[in-house]
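Spelled out from the first residue to the last, the chains are:
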Amino acid sequence: MNMTPKLYKLIQTNQLIKFYKSPEWLELRQVALKRDNYECQRCKKKRRYRKADCVHHIKYVKEFPYLALTLSNLECLCNTCHNEEHDRLPNQKKKEPINQERW
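Cut-off values and rules
Residues numbered from 1 in each chain as written. Predicted model: local features only at pLDDT ≥ 70, side-chain atom pairs only at ≥ 80, totals over all residues. Heavy atoms only, no water. Helix = DSSP H or I, 4+ residues; strand = E, 2+ residues; numbered from the N terminus. Contact = heavy atoms within 4.5 Å. Areas by Shrake-Rupley, 256 points an atom, 1.4 Å probe, with all protein chains shown as cover. Phe/Tyr/Trp six-rings, centres within 6.5 Å; stacked < 30°, edge-to-face > 60°. Buried < 20%, exposed > 50% of the residue type's maximum accessible area, 1.4 Å probe, protein only. Pairing = 2+ DSSP bridges. Expected span 1.5 Å × (residues − 1). Arc of directions from axis to C-beta. Core = buried A, V, L, I, M, F, W, Y, C linked by side-chain atoms within 4.5 Å. Salt bridge = Lys/Arg side-chain N within 4 Å of Asp/Glu carboxyl O.

Can you explain the overall build of the protein? Please cite residues and give values.
On a plain count of helices and strands, the protein comes out with five helices and two strands. In the protein, the succession of helices and strands from N to C terminus is α-α-α-α-β-β-α. Across the protein, every contact between residues at least 6 apart in sequence was considered, and the portion connecting residues at least 24 apart equals 58%. For the protein, the exposed surface amounts to about 8,100 Å²; the carbon and sulfur share of it is 51%.

Requested: an account of the packing of aromatic side chains, with residues and values cited.
Following the criterion strictly, the structure yields four aromatic pairs and no others. A ring pair is formed by tyrosine 20 and tryptophan 25, whose centres lie 5.3 Å apart and whose planes are at 80 degrees; its orientation type is edge-to-face. Given a relative accessible area of 32%, tyrosine 20 falls into the partly exposed group. Chaining the aromatic ring pairs together yields one cluster made of Phe19, Tyr20 and Trp25.

Explain the pairing of strand E1 (residues 54-57) residue by residue, including any values.
The two faces of the sheet receive side chains in turn, since in a regular strand these alternate between them. In E1, alternate side chains face the same way, and those of Cys54 and His56 on one face and Val55 and His57 on the other are all buried. As paired elements, E1 and strand E2 (residues 74-77) share four bridges and run antiparallel to each other. In the strand pairing of E2, valine 55 is matched with cysteine 76.

Hey, could you go over helix H3 (residues 23-35) for me, with residue numbers and the actual values?
Along its 13 residues, H3 runs 18 Å from first to last C-alpha, staying within 8% of the 18 Å computed at 1.5 Å per residue. For H3, every residue scored as buried is listed here: Trp25, Leu28, Ala32 and Leu33. Seen along its axis, H3 keeps its buried residues to an arc of 140 degrees; they face one direction. In this structure, H3 carries Pro23, Glu27 and Lys34 as exposed residues pointing more than 90 degrees from its buried face. The positive-phi residue at the C-terminal boundary of H3 is asparagine 37, with phi of around 55 degrees.

Which residues make up the nonpolar core, and what values do they have?
Residues Ile11, Phe19, Trp25, Val55, Leu69, Leu74 and Cys76 are the most contacted members of the largest nonpolar core, which totals 16 residues. Among the secondary structure elements, those contributing two or more residues to this core are helix H1 (5-12), helix H2 (16-20), H3 and E2. Top element by residues in this core is H3. It accounts for four residues. Non-local contacts of tryptophan 25, meaning those with residues more than four positions away in its chain, are made with Phe19, Tyr20, Val55, His57, Ala68, Leu69 and Leu74.

Can you explain the pattern of salt bridges? Please cite residues and give values.
The full count for this structure, using the stated rule, is five salt bridges. Each member of the salt-bridge network shares a partner with another, and the members are Arg42, Glu75 and Glu85.

By themselves, these observations are geometric and do not establish any function.
Printed below as a string of structure tokens:
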């Protein structure tokens, strides 16, 4: 699918919500989901099954706007895998080891 100047400008001006609501993106998103059988591709590689909730850009939209509508640059992921990819998992408190000073 070709990137229109209007969509390219939305990405360049950081209006990604408008980009993700565009008919071009919504149509390509459905094509990607269908291609991947609506399954998370990362879970599938681990021999697990999870429904794909997201269509992820392998090469990020902000860095590679000209690939934003390229099917081969898309990967269907579940929310967990997508959040891991973007390092958005909640920080878990790390327990400090018990030693002679702290018991």
